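Structure at a glance
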Amino acid sequence: MIRKECICRMRVCKEAAASLAAGVGEQDLALINQLSRKTLTQEEVYTFGVRLCDNEVDRDFERFDLPALETLAKLFVGKSGIFDHQWSAGGQAARIYRTELVREDAVRTVAGEPYCYLKGYAYMVRTESNRDLIAEIEGGIKKEVSVGCAVRRTVCSVCGQDLNDRDACAHVKGRWYGSQLCYGTLSEPTDAFEWSFVAVPAQPRAGVVKSSQVRLKEFLKGRPDCLEELAGLEKEAELGRRYLGRLRRKVARLAGMAELNISASTLRGIVDKLEEPELVELAKAYESRLEELYPPAVQLETAAGTNAGTGADPAFLI
């Protein structure tokens, strides 16, 4: 099983916090009391909503698929809210008591699916020690959160193989292969650890990657000369990516032939992180090494003493 730590940041839902802060319904209070040791009253609890994660491609070029969100909806019930993913009991600030999937069919993700996010409902016990935290949530100071979870697979958007298996997939997240962006789809969650208040979100809502591409082409509408130049640049960029891919494969092959005691998957993982100047230098070094290991052999040899003194190679005499 491949264990994947997922840090997918979204914002606390201000609307949910404002509406829930006015009072806690009986059904919500009953769910909260299933998690508490003592029976809490409406006056003792503070509730707010959080947007935990969604099915859009984030800044790490990863996304959850819909089945993963459905599984996480169950796994996150009862999970603690902490700060900056510091696993300390002293940092526990809130707890999720119910979740729901929210669909926005009018919004499409980079993957072409209707946008969907996992919403969690959290509660805190009102105490003197967390009064300032509640004020910061109400005031919009504390509003970004992120989740930590484990998944079995990260599926490549280009080839459909596991991105963590370098023997099966050689694509790199964030790169374009033709017209297709490579990103990882996080699938089959096995556990939800916690959710945290953080300072900088990594999974902003609804299509950062996609929208940036659309804005550029929309900006150039009515300028066919610029659109043509952009198409040429995209074509050249694709040729450059193909050249770099061939060069990486060549260096990995030469390294393997040079009798390095390293597995093929490890070599590919190393060269995938290198750029063109380093790859060219390594290729030359490995080629020189191979010439030392495997010097060219003479194909035809002349028997000693044959046609001595004639100046002719008898192997080529008819």
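Description of the structure in this document. (Residues numbered from 1 in each chain as written. Predicted model: local features only at pLDDT ≥ 70, side-chain atom pairs only at ≥ 80, totals over all residues. Heavy atoms only, no water.)

**Focus on the overall build of the protein chain**
Counting its secondary structure elements, the protein chain contains 8 helices and 10 strands. Per-residue burial for the protein chain yields a buried fraction of 40% across its 318 residues. Taking the intrachain contacts of the protein chain between residues at least 6 apart in sequence as the baseline, contacts between residues at least 24 apart amount to 72%. Within the structure as shown, the protein chain displays about 18,300 Å² of accessible surface, and the carbon and sulfur contribution to it stands at 52%. (Helix = DSSP H or I, 4+ residues; strand = E, 2+ residues; numbered from the N terminus. Buried < 20%, exposed > 50% of the residue type's maximum accessible area, 1.4 Å probe, protein only. Contact = heavy atoms within 4.5 Å. Areas by Shrake-Rupley, 256 points an atom, 1.4 Å probe, with all protein chains shown as cover.)

**Description of the packing of helix α6 (residues 224-257) against helix α8 (residues 276-293)**
Relative placement of two packed helices is described by the angle separating their axes and the distance separating the axes. Running from N to C, α6 and α8 point in directions that differ by 30°, and their axes come no closer than 9 Å. Considered as vectors, α6 and α8 are oriented roughly parallel to each other. Considering how the two elements wind past one another, α6 and α8 form a crossing that is left-handed. Contact residues: α6 offers Tyr-243, Leu-244, Leu-247, Arg-248, Lys-250, Val-251, Leu-254, Ala-255 and Met-257, while α8 offers Glu-276, Leu-279, Val-280, Leu-282, Ala-283, Tyr-286, Glu-287 and Leu-290. Residues belonging to the contact of α6 with α8 are distributed by class as follows: 13 nonpolar, no polar and 4 charged. (Axes fitted to C-alpha atoms, helices over the stretch in contact; angles between N-to-C directions. Parallel < 35°, antiparallel > 145°, perpendicular 65-115°, else oblique. Left-handed = near helix turned anticlockwise from the far one by under 90°. Nonpolar A, V, L, I, M, F, W, Y, C, P; charged D, E, K, R; others polar.)

**Brief notes about unusual backbone geometry**
Working note: non-glycine residues mostly have negative phi, and peptide bonds are mostly trans. A positive phi angle is found at Phe-61, which is not glycine, with a value near 55°. Relative to the elements of secondary structure, Phe-61 occurs in the loop between β2 (45-54) and β3 (62-64). The residue Glu-188 is not glycine, and still its phi comes out positive at about 55°. Locating Glu-188 in the fold gives a position in strand β10 (residues 184-197).

**Quick word on the packing of aromatic side chains**
Two aromatic rings, taken as a pair, are described by how far apart their centres are and by the angle between their planes. Throughout the structure, instances matching the rule amount to 4 aromatic pairs. Pairing Tyr-97 with Tyr-121 gives two aromatic rings, centres 6.5 Å apart and planes at 50°, and the pair type is tilted. Within this pair, whereas Tyr-97 is found in strand β5 (residues 94-108), its partner Tyr-121 is found in strand β6 (residues 114-125), the two being separated by 24 residues in sequence. Per residue, the accessibility class of Tyr-97 equals that of Tyr-121, and both read buried. Aromatic rings pair up to connect Tyr-97, Tyr-121 and Tyr-123 into one cluster. (Phe/Tyr/Trp six-rings, centres within 6.5 Å; stacked < 30°, edge-to-face > 60°.)

**What about helix α3 (residues 66-75)?**
For an α-helix, 3.6 residues make a turn, and residues three or four places apart therefore share a direction. Every buried residue of α3 is listed here: Ala-68, Leu-69, Leu-72 and Ala-73. Buried residues of α3, viewed axially, fall in a sector of 145°; they line one side. Where α3 is buried, its residues contact β2, β3, β5, β6, β7 (144-156) and β10. Between the side-chain oxygen of the N-cap and the backbone nitrogen of Ala-68 there are 2.8 Å, and the N-cap of α3 in question is Asp-65. (Arc of directions from axis to C-beta. Polar contact = N/O pair within 3.5 Å; in protein donor to acceptor, adjacent residues only side chain to side chain.)

**Description of the pattern of salt bridges**
In this structure the tally under the stated criterion is 10 salt bridges. As a salt-bridge pair, Lys-38 and Glu-44 come within 3.2 Å of each other at their nearest N and O atoms. Take Lys-38: its relative accessible area is 48%, and that puts it in the partly exposed class. Its relative accessible area of 25% is what places Glu-44 among the partly exposed residues. Among the ionic pairs, Lys-250 bridges to Glu-287, the shortest N-O distance being 3.3 Å. With Lys-250 in helix α6 and Glu-287 in helix α8, the pair connects residues that are 37 residues apart, well separated along the chain. Put simply, Glu-238, Arg-241 and Arg-242 are held in one network by salt bridges that share partners. (Salt bridge = Lys/Arg side-chain N within 4 Å of Asp/Glu carboxyl O.)

**Quick look at the layout of surface pockets**
Within this model, the largest pocket holds a volume of roughly 340 Å³. Along the walls of the largest pocket sit 16 residues, with Ala-170, Tyr-177, Arg-241, Gly-245 and Arg-249 positioned nearest its centre. Those elements that provide at least two residues to the lining of the largest pocket are α6 and α7 (264-271). A total of 8 residues in the lining of the largest pocket trace back to one element, the largest contributor, which is α6. (1 Å grid on protein atoms, 1.4 Å probe; cavity = no way out; pocket = protein on both sides within 12 Å on 5 of 7 lines; lining within 4 Å. Points joined across faces, edges and corners; volume = space filled by probe spheres on them.)

**Considering the pairing of β10**
Among the 14 residues in β10, 11 count as buried, and that is most of the element. In this sheet, β10 lies alongside β3 in parallel orientation, the contact comprising 3 bridges. Counted as the bridge partner of Glu-62 is Gly-184 from β10. Relative to β10, β7 is paired through 11 bridges, and the arrangement is antiparallel. If you follow Val-155 over to β10, its bridge partner there is Thr-185. (Pairing = 2+ DSSP bridges.)

**Digging into the environment of Phe-193**
Inspection of the secondary structure puts Phe-193 in strand β10. Along the backbone, Phe-193 and Leu-75 are 118 residues apart, and their C-alpha atoms lie at a distance of 8.7 Å.

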